[in-house]
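Fold and contact review
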Amino acid sequence: MNAMRTVPLGLMLVLALSAPLADAATYKWVDANGKVHYGSVPPGGGIAYQEIDKSGRVIRSVDSFAEQQRKRAEEQRQREAKQSELDRQRRDRALLATYTSEAEIDRQLERALEQERLQLDSTEQQLRQVLKNLEDIDKRIKATPKPGAVLQQQQAEANQILANLEERLKRQRTSIEQTRARFEADKVRYRELTNGRH
């Protein structure tokens, strides 16, 4: 009685264990030499492969790592291009909403430059004053047989202020050029959007 019950249970166990093997996926890939391979596990090394069923039909395809990278890079490029186009359209709308003529852009440029020129003039005045102070300190140092630490400290501080002012002057001049370029680009784009009607 027990033997009769044990046989079906044993058969059921064998069938249960063999079922996953029968349904196991088969993978197909081509190596660097063009040779086709089949296996029960996907290939390593980022190689492209296909998962196929028992009839040889392709269930799914997986790109190589290099191809996946290429596709991701292309998708990123397309997203950036789309965002760039949206930004351009937004800037165009803002440009048309802000100005009614090229002359108005020129007037706005002059207003922007006026403030920057005032800052530039202030820096140049400070620079001239520091140069004069340095000249006075140098004269005092040369006129003193043994200049003390105070004079040397004043000279070092004046030189540091001079370097900072020269750097600020450089930034301000660069900013003026950038402002000119920005407004000129706005004027050119405005002309394109309005077909030169203004």
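Residues numbered from 1 in each chain as written. Predicted model: local features only at pLDDT ≥ 70, side-chain atom pairs only at ≥ 80, totals over all residues. Heavy atoms only, no water.

1. Here we look at the layout of surface pockets
- In this structure, the largest pocket spans a volume of roughly 170 Å³.
- For the largest pocket, the full set of lining residues is Arg 88, Arg 91, Asp 92, Leu 95, Tyr 99, Ala 185, Asp 186 and Arg 189.
- Among the elements of the structure, α2 (65–98) and α4 (149–194) are those that each provide at least two residues to the lining of the largest pocket.
- Examining the composition of the lining of the largest pocket, we find that 4 residues originate from one element, α2, more than from any other.
- Looking at the lining of the largest pocket residue by residue, the class counts come to 3 nonpolar, no polar and 5 charged. (1 Å grid on protein atoms, 1.4 Å probe; cavity = no way out; pocket = protein on both sides within 12 Å on 5 of 7 lines; lining within 4 Å. Points joined across faces, edges and corners; volume = space filled by probe spheres on them. Helix = DSSP H or I, 4+ residues; strand = E, 2+ residues; numbered from the N terminus. Nonpolar A, V, L, I, M, F, W, Y, C, P; charged D, E, K, R; others polar.)

2. Observations concerning the nonpolar core
- Tyr 99, Ile 105, Leu 127, Leu 162, Phe 183 and Tyr 190 are the most contacted members of the largest nonpolar core, which totals 19 residues.
- Secondary-structure elements contributing two or more residues to this core are α3 (102–143) and α4. (Core = buried A, V, L, I, M, F, W, Y, C linked by side-chain atoms within 4.5 Å. Buried < 20%, exposed > 50% of the residue type's maximum accessible area, 1.4 Å probe, protein only.)

3. A few points about the side chain of Gln 172
- Looking at the secondary structure, you find Gln 172 in helix α4.
- Here Gln 172 falls in the buried class, since its relative accessible area comes to 14%.
- For Gln 172, the residues in contact, after removing those within four places along its chain, are Glu 116, Gln 119, Leu 120 and Thr 123. (Contact = heavy atoms within 4.5 Å.)

4. Here we look at the pairing of strand β3 (residues 49–52)
- Bridge analysis of strand β1 (residues 26–30) against β3 gives 4 bridges, and the strand direction is antiparallel. Bridge pairing links Thr 26 to Ile 52 in β3.
- Bridge count between β3 and strand β4 (residues 58–62): 4 bridges; the pairing is antiparallel. Following the sheet pairing, Tyr 49 is matched in β4 by Val 62.
- Counted along the chain from β3 to the antiparallel partner β4, the turn is 5 residues long, and its residue Gly 56 has a positive phi close to 90°. (Pairing = 2+ DSSP bridges.)

5. Remarks on the confidence of the model for the protein chain
- The predicted model of the protein chain averages 87 in pLDDT, with 86% of residues at 70 or higher.
- Per-residue pLDDT stays below 50 along residues 1–7; that stretch engages in 0 contacts with residues further than four places along the chain or on separate chains. (pLDDT = per-residue confidence, 0-100.)

6. Let's talk about the packing of α2 against α4
- For the pair α2 and α4, the least separation of the axes is 10 Å and the interaxial angle reads 90°. In terms of orientation, α2 and α4 fall into the roughly perpendicular class. Of the residues in α4, those touching α2 at Arg 88, Asp 92, Leu 95 and Leu 96 are Asp 186, Arg 189, Tyr 190, Leu 193 and Thr 194.
- In terms of residue class, the contact of α2 with α4 is made up of 4 nonpolar, 1 polar and 4 charged. (Axes fitted to C-alpha atoms, helices over the stretch in contact; angles between N-to-C directions. Parallel < 35°, antiparallel > 145°, perpendicular 65-115°, else oblique.)

7. Points about the pairing of strand β2 (residues 36–39)
- Inspection of the sheet shows β1 paired to β2 by 4 bridges, in the antiparallel sense. Bridging from a neighbouring strand, Lys 28 pairs with Tyr 38 of β2.
- Two successive antiparallel strands, β1 and β2, enclose a turn made up of 5 residues, where Gly 34 displays a positive phi of approximately 85°.

8. Structural notes on the pattern of salt bridges
- Taken as a whole, this structure holds 16 salt bridges when the rule is applied.
- A salt bridge links Arg 60 to Glu 51, with the nearest nitrogen and oxygen atoms 2.7 Å apart.
- In this structure Arg 60 comes out as partly exposed when scored by relative accessible area, which is 40%.
- With relative accessibility at 13%, the residue Glu 51 sits in the buried group. (Salt bridge = Lys/Arg side-chain N within 4 Å of Asp/Glu carboxyl O.)

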